[in-house]
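Single-letter residue listing:
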Amino acid sequence: MPLLPGTIDLHTHSTVSDGALTPTQLVAAAAAEGVITLALTDHDTLAGIAEARAAALEHDVRLIPGVEISVTWQRRTLHIVGLAVDCDNSALNAGLRQLQHTRHERARRMATKLEKLGMHDVLARVMALANGGQITRPHFARLMLEDGLCKNMQQCFKRYLKAGKPAHVSTEWATLEDAIGWIHAASGIAVLAHPHAYKMTAAWRRRMYAAFAAAGGDAAEVCCGTSTPDRVQTHAAQAATHGLMGSVGSDFHSHEQRWLKLGRVPTMPKGLAAVWEHPAFGTPV
Ligand code: AMP
Ligand code: MN
Ligand code: MN
Ligand code: MN
């Protein structure tokens, strides 16, 4: 189905997780960039959807309710985006509540670790920063920048927040099967987010695709904000091999990510079915 380039973005974040814009500001920014179909997909929460929906009405944007679910698979973290989910579904909401609890417990343990490294009052400060939304590692990074521990976000992750570094807390997120099950229970489409971004060998990547497809996954995010033409080809081929559809999403968090723009993603390669053709997506775009 022909789609004008730049008009669809199915992976974005707001202040209810680690994004810099409120849901209202995000929808306005997307509309200003010419995006007409937008999914809000915050980490482990649907809390921004109602506000985004209201803003979308104002701006003539079609808002697709979404969520980015944290998963632990083979001791690695994967992200599974749920698109066009029913926000009132009880199985999905119960699953997300469990992950929100896990996030809070992780934040508590990370705060203790950072206090041992000399920072003060970390849990209270990071909670104030998250302002009722989900606490994510980028929130801790912002505090570390405030305290002058690092000179940029990248350095915070590299020195403190990555696996194996002093402020890292290893976390058991949802299982792949549970995450996909919750999304399907909520009549949504399960998408393997930014498949090129996981640090793994080609053999592990094939296993990841196979496990995702075997667990009932529907699509892979073949066209991301950080995709190169090579990556698009590789992941389109992997998706096709496993009978998955393709999705598109910038993973926009903030205007500070100068290399990303809302809706700025490569076009879907010909021959790969697109998620917006999935019956659960609703009216064709
Ligand atoms: P969390 O789910 O709380 O562990 O946080 C993961 C989020 O941190 C991702 O969704 C990214 O937005 C961000 N992130 C991960 N790695 C990096 C990095 N190296 N530099 C900046 N942000 C990162
Ligand atoms: Mn994020
Ligand atoms: Mn992600
Ligand atoms: Mn994301």
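The structure we're discussing is the one just above.
Structure report, in brief. (Residues numbered from 1 in each chain as written. Chains lettered and ligands numbered in written order. Predicted model: local features only at pLDDT ≥ 70, side-chain atom pairs only at ≥ 80, totals over all residues. Heavy atoms only, no water.)

1. Some thoughts on the coordination of the manganese ion (ligand 4)
Six octahedral donors around a metal ideally make angles of 90 or 180 degrees; four tetrahedral donors ideally make 109.5 degrees. For clarity, the cut-off: Only N, O and S atoms count as donors, using a 2.8 Å cut-off from the metal and 3.2 Å for Na, K and Ca, and because water is excluded some sites may appear unfinished. Burial classification: accessible surface area is computed with a 1.4 Å probe over protein chains only, and a residue below 20% of its type maximum counts as buried, one above 50% as exposed, and the rest as partly exposed.
Protein coordination of the manganese ion (ligand 4) is provided by His11 (NE2), His13 (NE2), Glu68 (OE) and Asp251 (OD), with donor distances spanning 2.1 to 2.2 Å. A separation of 4.4 Å is found between the manganese ion (ligand 4) and the manganese ion (ligand 2). The class for histidine 13 is buried, based on a relative accessible area of 0%.

2. Describing the coordination of the manganese ion (ligand 3)
Let me state the cut-off plainly: Runs of E in the DSSP output that reach at least two residues are strands. Runs of H or I that reach at least four are helices, and both are numbered from the N terminus.
At 2.1 to 2.2 Å from the manganese ion (ligand 3) lie its protein donor atoms, namely Glu68 (OE), His79 (ND1) and His194 (NE2). Linear spacing of the donor residues for the manganese ion (ligand 3) on their chain is E-x10-H-x114-H. The metal-metal distance between the manganese ion (ligand 3) and the manganese ion (ligand 2) is 5.4 Å. Of the two residues, glutamate 68 sits in strand β3 (residues 62–73) while histidine 194 sits in the loop between β5 (189–192) and α8 (202–214), which places them 126 residues apart along the sequence. Across the pair, histidine 194 and glutamate 68 agree in class, each one buried.

3. With respect to the pattern of salt bridges
Here is the rule: Salt bridge, as used here, is a side-chain nitrogen of Lys or Arg placed within 4 Å of a carboxyl oxygen of Asp or Glu.
Inspection of every chain in the model, using the stated rule, returns four salt bridges. Residue arginine 108 pairs with glutamate 105 through a salt bridge whose shortest N-O separation is 3.5 Å. One end of the pair, arginine 108, and the other, glutamate 105, are both in helix α3 (residues 90–116), three residues apart, so they sit about a helical turn from each other. Judged by relative accessible area, which is 30%, glutamate 105 ranks as partly exposed. Here glutamate 146 makes a salt bridge to arginine 125, at a shortest N to O gap of 3.6 Å. Of the two residues, glutamate 146 sits in helix α5 (residues 137–146) while arginine 125 sits in helix α4 (residues 122–130), which places them 21 residues apart along the sequence. By relative accessible area, which is 55% here, glutamate 146 ends up exposed.

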